[in-house]
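# Geometric and topological summary
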Amino acid sequence: MDTNPEKLEMFYEGKAKKLYATADPDLVIAYFKDDATAFNAKKRGTIEDKGVVNNRMSELFFLMLEREGVRTHFVRRLDDREMLCKRLDIVPVEVVVRNIVAGSMAKRLGREEGEALRHPVVEFYYKCDALDDPLIIADHAIVFGWATQTELNTIHESAMRVNDILSRFLDQRGVILVDFKLEFGRHHGAILLGDEICPDTCRFWDKATRKKLDKDRFRRDLGDVEGAYHEMLRRVES
Ligand code: UDP
């Protein structure tokens, strides 16, 4: 095992993670916090051990995706809360894949939460807190220079593959992958999957009971938030 690289200056602090430089300009360290926010940070709180769960679950998902040929920023997990990652020039387009109607799709389109979609739907959002991450079409990203058509094609294809791989894996563990958000970035000319994959960024429902095992428990004050995060990690580790 290599020795852990030294954390240098913190160059970014987001809602759930801090990013630190390392001596290698190509590598960064992500530190996973317990802070939880919802509704563009209008609701704030902490979820005990969330950072530990999200770091470990992201590691397991990234390893699985890499084995299946999806290129990600993951290098290795350093400890409970830290992950070594390739440095990305983030594409400011958040990608949401949906299998079942929930959240903003239910609200925006007046559909019942829980309606199964005939096929997965991929949506793009402009990553901009000041605008509350608006839903966009591909042409907006291209015309404003956020991504090229070629990059969007790669991103779309990768997002669909991630959905296939994770849906199948989770189904075997009694979990429905309802929807999830991905972020991508550029690294030496390649598009890599970045960010994290965890109960903060996915909707997970228990297949038998439809119990929510994700951040909706925090967003909607459903209780047992920590329990749900740990239950999901247990299923992914099994
Ligand atoms: N999501 C996320 N970050 C965001 C917005 C959404 O990780 O800033 C995830 C969310 O957890 C869900 C999916 O993307 O799994 C779709 O979210 P939706 O558009 O329904 O918005 P929400 O109901 O979370 O506001």
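Look a little higher up for the structure.
Small disclaimer: the values here were computed from a predicted structure and weren't measured.

The rules behind each value
Residues numbered from 1 in each chain as written. Predicted model: local features only at pLDDT ≥ 70, side-chain atom pairs only at ≥ 80, totals over all residues. Heavy atoms only, no water. Buried < 20%, exposed > 50% of the residue type's maximum accessible area, 1.4 Å probe, protein only. Helix = DSSP H or I, 4+ residues; strand = E, 2+ residues; numbered from the N terminus. Pairing = 2+ DSSP bridges. Phe/Tyr/Trp six-rings, centres within 6.5 Å; stacked < 30°, edge-to-face > 60°. Lys NZ or Arg CZ within 6 Å of the ring centre and 35° of its normal. Core = buried A, V, L, I, M, F, W, Y, C linked by side-chain atoms within 4.5 Å. Near = heavy atom within 4 Å. Polar contact = N/O pair within 3.5 Å; in protein donor to acceptor, adjacent residues only side chain to side chain. Areas by Shrake-Rupley, 256 points an atom, 1.4 Å probe, with all protein chains shown as cover. Contact = heavy atoms within 4.5 Å. Axes fitted to C-alpha atoms, helices over the stretch in contact; angles between N-to-C directions.

## Let's talk about the pairing of strand E12 (residues 175-182)
The buried fraction of E12 amounts to eight of the eight residues, a majority that puts the element mostly inside the structure. Pairing geometry for strand E9 (residues 93-100) and E12, over four bridges, is antiparallel. Opposite Val 97, over in E12, you have Phe 180 as the bridge partner. For E12 and strand E15 (residues 202-206), the ladder comprises five bridges, and the chain directions are antiparallel. Paired with Ile 176 across the two strands is Trp 205, which belongs to E15.

## Topic: the packing of aromatic side chains
Tallied over the full model, the rule gives four aromatic pairs. Between Tyr 126 and Trp 146, the ring centres sit 3.7 Å apart and the planes meet at 10°, which makes this aromatic pair stacked. Of this pair, Tyr 126 sits in strand E10 (residues 116-126) while Trp 146 sits in the loop between helix H3 (138-143) and helix H4 (149-171); the two residues are 20 residues apart in sequence, bridging distant segments of the chain. Here the two residues Tyr 126 and Trp 146 agree in accessibility, since each one is buried. With centroids separated by 5.3 Å and ring planes inclined at 35°, the aromatic side chains of Phe 144 and Trp 146 adopt a geometry described as tilted. Given the relative accessible area of 55%, Phe 144 is considered exposed. Through pairs of rings, three or more aromatic residues link up here, namely Tyr 126, Phe 144 and Trp 146. Lys 7 extends its terminal NZ or CZ atom over the ring of Tyr 20, reaching a point 4.9 Å from the ring centre. Taking NZ or CZ as reference, Lys 17 lies 5.8 Å from the ring centre of Phe 32, over its face.

## What about the nonpolar core?
Core analysis: the largest hydrophobic core is formed by 55 residues, its most contacted members being Phe 61, Leu 166, Leu 170, Leu 182, Leu 193, Ile 197 and Phe 204. The element that contributes the greatest number of residues to this core is H4, accounting for eight residues. Ile 100, Ala 102, Ile 176 and Val 178 belong to the second-largest nonpolar core, a separate cluster that totals five residues.

## Quick word on the site of the ligand
Near the ligand there are 16 residues, and of these Arg 98, Ser 104, Asp 179, Arg 203 and Arg 219 occur at the shortest range. Taking Ser 104, its side chain carries an N or O atom lying 2.6 Å from an oxygen atom of the ligand. Contact between the ligand and Arg 219: an oxygen atom at 2.9 Å from a side-chain N or O atom of the residue. Protein contact buries 77% of the 500 Å² of open area that the ligand shows by itself.

## Concerning the sheet that holds E12
With antiparallel pairing, the five strands of this open sheet are ordered in space as E11-E10-E9-E12-E15. Every other strand in the sheet has two partners, leaving strand E11 (135-136) and E15 as the edge strands with one partner each. The sheet contact formed by E9 and E10 spans seven bridges and is antiparallel. Within the sheet, the bridge partner assigned to Arg 98 lies in E10 and is Val 121. Packed onto the sheet, H4 meets E9, E10, E12 and E15 and runs at close to 155° relative to E12.

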